[in-house]
Amino acid sequence: MKTLKTNIYFKVGAIVVIALLLLIPTSMIESLIFERENTQRQAITEVSSKWGQEQTISGPFISIPYYRYVKEFSKKDSTEKVIQVKEYLHILPSKLNISGNINPEKRYRGIYEIVVYNSKINISGNFDNVDFNTFDIPTENILLDKAEFVVGIDDLRGIEEQVALEWNNKEIPFNPGVSSNDVVKSGINAQLVMNPDNNLKYNFNLHLDLKGSQLLYFTPVGKVTDINISSAWSNPSFNGAFLPDSREVTNKGFKANWNVLHLNRNFPQAWTNSRHSIDESAFGIDLLLPVDSYQKSYRSIRYAILFIGFTFLVFFFIEVLNKIFIHPIQYILVGIALVVFYTLLLSISEHLKYNIAFIVSALSTLLLVSGYVRAILKSGKLTMLISGILAVLYTFIFVIIQLQDYALLIGSIGIFIILGLVMYFSRKIDWYNLNLNEKTD
């Protein structure tokens, strides 16, 4: 009768159970990665709250108050009263040109890196012949002397300098806040006096020095909106409702141009109250940091089961082919060493560049496992074999985490090749007549 020591089924079962149990500390390390990443987000939020949050420039547009008279029936005394209700008419520009430059900076909160920016934005355009007769509102109810030129800005703390509106060659100062929340919740406004003459054309121009963090978005409120943005940032992500019509990204920075027509969005050039929302049409730039250490650590730990499983498989083949017995405790110790690699990688990468942290962690783990294998197997040849296999696996993972677009492709091909090698080297093993009897001297 076979003893537990030489029973192949017990050995396979023990290896599988050990590999599955090692997934518990692996999942704990994965939770630790998320925790550290959340701490980083809190650091970003703290810096952004003092510098300036993510910014979206919404507008500009004109908001004109008007009175609407509503009949209200009183059940108490069965009388009917006429109530005056103040509402707003919102008008978008016919032409909108935005040009500017984003100057990014890296700031640090403890060990965390945060991207903030200063931007210089020039906004110009015109409003063509506003015909108030088309709005089905009596002209005498429209308060043309209370009109507001509104620019929506998410975080007003980001405004660096005083902003003045050049309106038909007349300079008008801006005030903080907006009178109506129909279109934007936060922004600045300039008081206008509109002319009921619908043949007039209004030209505008303003300059905005705006600070923010990571994101800068715009809304295409012009009948024709043309936006040109440049920056020295070499790793931008263009997101939102519209991608650039043309862009140029180099190691020295980027240039991007958007040209959006009113036919491309789902709101008109004028409406009353809050009938339409412009938020869904926002687009712009995300000043991405290259894939950071937490994302890379998370991507690498997803291959932990491959590391553990393939290493144990190599150990098992060594037992089978060389009649060498390896105790389950020794499997456990080697497995723990492979798991500790990820804690080393996570902690060192918070202080050194990720690639250096990976090399240091991999070499440390490789030396630890190689030394232990040399001690238990007492074979330089087998030690070199296992060390070489682990080095190939670490190199494989290192290559994958450097790739953002081809990681899945390379990973799939690599796993396929590994499976093919396992099948090749195990092709002649007679699994029905297999035992783990040790070599005899």
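Since the structure is predicted, the reported quantities are computational estimates derived from the model, not experimental observations.

Q: Would you mind going over the overall build of the protein with me for this structure?
A: When you go through the protein residue by residue, the secondary structure sums to eight helices and 17 strands. Relative to its length of 441 residues, the protein is extended, with a C-alpha radius of gyration of 33 Å against a globular reference of 22 Å. Per-residue burial for the protein yields a buried fraction of 47% across its 441 residues. Accessible surface computed for the protein: about 23200 Å², of which carbon and sulfur atoms make up 56%.

Q: Can you help me understand the sheet that holds strand β6 (residues 164-167) in this one?
A: Each strand in a sheet pairs with its neighbour through backbone hydrogen bonds, running either in the same direction (parallel) or in the opposite one (antiparallel). Reading across from one edge, β7-β6-β10-β4-β3-β12-β15-β14 is the order of the eight strands in this open sheet, with mixed pairing throughout. Edge strands, defined here as strands with exactly one partner in the open sheet, are β7 (170-173) and β14 (246-250). The mean angle between the axes of side-by-side strands here comes to 15°, regardless of whether they run parallel or antiparallel. As paired elements, strand β3 (residues 95-109) and strand β4 (residues 112-127) share 15 bridges and run antiparallel to each other. Residue pairing across strands places I98 opposite I123, the latter belonging to β4.

Q: When you look at a nonpolar patch on the surface in this model, what are you seeing that I'm missing?
A: Together, Y406, L409, I413, F416, I417, L421, Y424 and F425 make up a nonpolar patch on the protein surface, roughly 890 Å² of accessible area in all. Within the secondary structure layout, Y424 lies in helix α8 (residues 407-425). Exposure remark for Y424: the relative accessible area of 45% places this residue in the partly exposed category.

Q: Is there a simple way to explain helix α1 (residues 8-21) in this structure?
A: Helix length check: α1 (14 residues) gives 20 Å between terminal C-alpha atoms against 20 Å at 1.5 Å per residue, within 8%. Those residues of α1 that sit buried are I8, K11, A14, I15, I18 and A19. Viewed end-on, α1 has its buried residues packed into an arc of 130°, placing them on one side of the element. Across from the buried face of α1, at angles greater than 90 degrees, the exposed residues are Y9, L20 and L21.

Q: Please clarify how the nonpolar core should be interpreted in this entry.
A: Across soluble globular proteins, nonpolar side chains show a tendency to be buried alongside one another. Among the nonpolar cores identified, the biggest contains 61 residues, and I62, F149, L165, W167 and M194 are the most heavily contacted of them. Residues within four places of M194 in sequence aside, it is in contact with I62, I64, F132, L144, A147, W167 and Y202. Listed in part, the 54 residues of the second largest apolar core include L22, I33, F310 and Y331.

Q: Whenever I open this one, the packing of helix α3 (residues 293-301) against helix α7 (residues 380-402) confuses me. Can you help?
A: Each pair of packed helices gets described by two things: the angle between the helix axes and the distance between those axes. The N-to-C vectors of α3 and α7 enclose an angle of 135°; their axes lie 10 Å apart at closest approach. When the axes of α3 and α7 are compared, the pair comes out oblique. Between α3 and α7 lies a crossing of right-handed hand. Here K296, R299 and S300 of α3 come into contact with α7, specifically with I397, I400, I401 and Q402.

Q: Any chance you could explain the pattern of salt bridges here in plain terms?
A: Any two side chains of opposite charge can pair if their charged atoms end up close together. Inspection of every chain in the model, using the stated rule, returns four salt bridges. With a closest N to O distance of 3.0 Å, D155 and R157 form a salt bridge. A salt bridge links E160 to K211; its shortest N-O distance comes to 3.6 Å. One end of the pair, E160, is in the loop between β5 (147-153) and β6; the other, K211, is in strand β10 (residues 202-213), with 51 residues separating them in the sequence. Accessibility expressed as a relative area gives 43% for E160, which makes it partly exposed. K211 sits in the buried class, given a relative accessible area of 13%.

Q: Where do I start with helix α4 (residues 304-322) in this structure?
A: Helical geometry note: an α-helix holds 3.6 residues per turn, so side chains three or four residues apart project in the same direction. The terminal C-alpha atoms of α4, which comprises 19 residues, lie 27 Å apart, in line with the 27 Å expected from a rise of 1.5 Å per residue. Where burial is concerned, most of α4 is hidden: 14 out of the 19 residues are buried. Trailing α4 by a residue or two, K323 shows a phi angle of about 55°, which is positive.

Q: How do you make sense of the side chain of N257 when you look at a structure like this?
A: With respect to the helices and strands, the residue N257 is situated in strand β15 (residues 253-261). For N257, the contacting residues outside a window of four places in its chain are D226, I227, N228, P244, D245 and S246.

Q: What is the right way to look at the environment of D136 in this model?
A: Here D136 shows up in the loop between β4 and β5. Look at D136 and you get exposed, because its relative accessible area is 75%. Here the alpha-carbon distance between D136 and A304, two residues 168 residues apart in the chain, equals 67 Å.

Q: Mind showing me how you'd approach the packing of aromatic side chains here?
A: The geometry of an aromatic ring pair is captured by two quantities: the separation of the ring centres and the angle between the planes. For the structure shown, the criterion picks out 21 aromatic pairs. Geometrically, the ring pair formed by F238 and F254 is edge-to-face, given 5.6 Å between the ring centres and 80° between the ring planes. Here F238, found in strand β13 (residues 236-240), pairs with F254, found in strand β15; they are 16 residues apart in sequence, far enough to count as distant. Given the relative accessible area of 8%, F238 is considered buried. With a centroid separation of 5.0 Å and an interplanar angle of 75°, the aromatic rings of F341 and Y342 are classed as edge-to-face. Across this residue pair, the class does not change: F341 and Y342 are buried. An aromatic cluster is built from F127, F149, W167, F174, Y202 and F204, whose rings are joined through pairwise contacts.

Q: What's the story with the confidence of the model for the protein in this structure? I'm lost.
A: The share of residues in the protein with pLDDT of 70 or more is 91%, and the mean pLDDT across the chain is 84. Here α8 stands out as the element of the protein with the lowest mean pLDDT, 76, in contrast to strand β12 (residues 224-231), whose mean of 96 is the highest.

Q: Please explain the side chain of E148 as it appears in this structure.
A: Residue placement: E148 occurs in strand β5. It turns out E148 is buried and unbridged, and the closest side chain with the opposite charge, K86, is 7.5 Å from it. A distance of 2.4 Å separates a polar atom in the side chain of E148 from a polar atom in the side chain of S179. Residues in contact with E148, not counting those within four places in the same chain, are F61, I62, S63, S179, N189, A190, Q191 and L192.

Parameters and conventions
- Residues numbered from 1 in each chain as written.
- Predicted model: local features only at pLDDT ≥ 70, side-chain atom pairs only at ≥ 80, totals over all residues.
- Heavy atoms only, no water.
- Helix = DSSP H or I, 4+ residues; strand = E, 2+ residues; numbered from the N terminus.
- Rg over C-alpha atoms; globule rule 2.2 N^0.38 Å.
- Buried < 20%, exposed > 50% of the residue type's maximum accessible area, 1.4 Å probe, protein only.
- Areas by Shrake-Rupley, 256 points an atom, 1.4 Å probe, with all protein chains shown as cover.
- Pairing = 2+ DSSP bridges.
- Axes fitted to C-alpha atoms, helices over the stretch in contact; angles between N-to-C directions.
- Patch = residues over 30% accessible without salt bridge, like charges linked within 9 Å, V, L, I, M, F, W, Y side chains within 5 Å.
- Salt bridge = Lys/Arg side-chain N within 4 Å of Asp/Glu carboxyl O.
- Expected span 1.5 Å × (residues − 1).
- Arc of directions from axis to C-beta.
- Core = buried A, V, L, I, M, F, W, Y, C linked by side-chain atoms within 4.5 Å.
- Contact = heavy atoms within 4.5 Å.
- Parallel < 35°, antiparallel > 145°, perpendicular 65-115°, else oblique.
- Left-handed = near helix turned anticlockwise from the far one by under 90°.
- Phe/Tyr/Trp six-rings, centres within 6.5 Å; stacked < 30°, edge-to-face > 60°.
- pLDDT = per-residue confidence, 0-100.
- Lys, Arg positive; Asp, Glu negative; His and termini not counted.
- Polar contact = N/O pair within 3.5 Å; in protein donor to acceptor, adjacent residues only side chain to side chain.

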